[in-house]
Amino acid sequence: MFIKEIEFVNFKSFGKKVKIPFYEGFTAISGPNGSGKSNIIDGILFALGLSGSKTMRADKLTDLIFNDAKSKQPDFAQVTITFDNTDRKAPVEADEFEISRKIKQTKDNYYSYYYFNGKAVSLTEVHELLGKAGVTPEGYNVVMQGDISQITAKMSPIERRKIIDEIAGVSEFDEKKQKSLAELDIVKEQIEKIDIIIEEVT
Ligand code: ATP
C-alpha cells in the first residue's frame, strides 16, 4: 500500500486545488525554502488524523486554511489522500481508496469532518482502517524533522529496539505473547488449587 496522490484544496500554502502525485517506492520533493514542502507532510498528518503524537506546524486548526493578503480567505480547507491498495494491505476490496478531511470555518466556530471514499466517517474508523495496514498515530510511518537525531543520538538502545520491533511488526506479537503468558499463569494457579482439593478428598 502506498500514497498515490494527495489533493489539497485551500490547505496552507496550496490555494485553490493542487494535486501531487506519488510513486511506489521513493518520491523526493525538492523546492526553495518556504515553497511548501513541509506543508505536504502537515497535509498527510491532517488528513489521516495522525497529528496526535506528531506536531502539525499550526497553532490552531483554522491556521491550516489558505490565507494570503491578496484574496478573501476561503472558509474551508480539504486534503484528500488516495492510496494504492493493489496489495490489499488495507481491508478494502478495491485497488485504491481515498481518505479525506475537511475543516470548515463558520463565523464563531469550526468543524472537522473525515471521509472514506467520499462517505462521512469518524476518526476512530479512519484509525481502525489504517491500523490494519500498519499506519498508526504512534508509529513511524511519518518521520518528522528531528526524529532521526532523537532516535540515533538521544534514545537508549532499549528504546531504539522498541521502535525497530514496532516497525518490523514484532511488538504486536510480543504483546500477544505477554497476554497469553498472563492467562497461562492464571490457569496454572487454578490447576494448583484443584490439585489441592483433589488431594484433600482422596
Ligand atoms: P523549508 O525548506 O524552509 O523547510 P518548506 O518548503 O518546507 O521550507 P513550508 O514550511 O512547507 O516550506 O511552507 C512554508 C510556507 O507556507 C510559508 O511561506 C508560509 O507563509 C506558508 N503558509 C503556511 N500556512 C499558510 C496559510 N494558512 N496560508 C498561506 N500560506 C501559508
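For the structure, check the block above.
Every value quoted in this text rests on a predicted model; they were computed, and no experiment measured them.

Criteria and cut-off values
- Residues numbered from 1 in each chain as written.
- Predicted model: local features only at pLDDT ≥ 70, side-chain atom pairs only at ≥ 80, totals over all residues.
- Heavy atoms only, no water.
- Near = heavy atom within 4 Å.
- Polar contact = N/O pair within 3.5 Å; in protein donor to acceptor, adjacent residues only side chain to side chain.
- Areas by Shrake-Rupley, 256 points an atom, 1.4 Å probe, with all protein chains shown as cover.
- Nonpolar A, V, L, I, M, F, W, Y, C, P; charged D, E, K, R; others polar.
- Phe/Tyr/Trp six-rings, centres within 6.5 Å; stacked < 30°, edge-to-face > 60°.
- Helix = DSSP H or I, 4+ residues; strand = E, 2+ residues; numbered from the N terminus.
- Buried < 20%, exposed > 50% of the residue type's maximum accessible area, 1.4 Å probe, protein only.
- Lys NZ or Arg CZ within 6 Å of the ring centre and 35° of its normal.

Comments concerning the site of the ligand
Here comes step 1: Taken together, 15 residues lie around the ligand, and Gly34, Lys37, Ser38, Asn39 and Asn67 are the ones closest in.
Here comes step 2: Interatomic distance of 3.1 Å between a backbone N/O atom of Lys12 and a nitrogen atom of the ligand.
Here comes step 3: At a separation of 2.9 Å, an oxygen atom of the ligand approaches a polar side-chain atom of Arg57.
Here comes step 4: For the ligand, whose unbound accessible area comes to 660 Å², protein coverage reaches 67%.
Here comes step 5: The residue makeup of the shell around the ligand, split by class, is 3 nonpolar, 8 polar and 4 charged.

Observations regarding the packing of aromatic side chains
Here comes step 1: Per the counting criterion, the structure on display carries 5 aromatic pairs.
Here comes step 2: Between Phe83 and Phe97, the ring centres sit 5.1 Å apart and the planes meet at 20°, which makes this aromatic pair stacked. Taken together, the residues span a long stretch of sequence, with Phe83 in strand E3 (residues 76-84) and Phe97 in strand E4 (residues 96-105) at a distance of 14 residues. Both residues of the pair, Phe83 and Phe97, count as buried.
Here comes step 3: One aromatic cluster is present, built from ring pairs that chain together Phe8, Phe11, Phe14 and Phe46.
Here comes step 4: Just above the ring of Phe76 sits the side chain of Lys102; from NZ or CZ to the centre is 4.9 Å.

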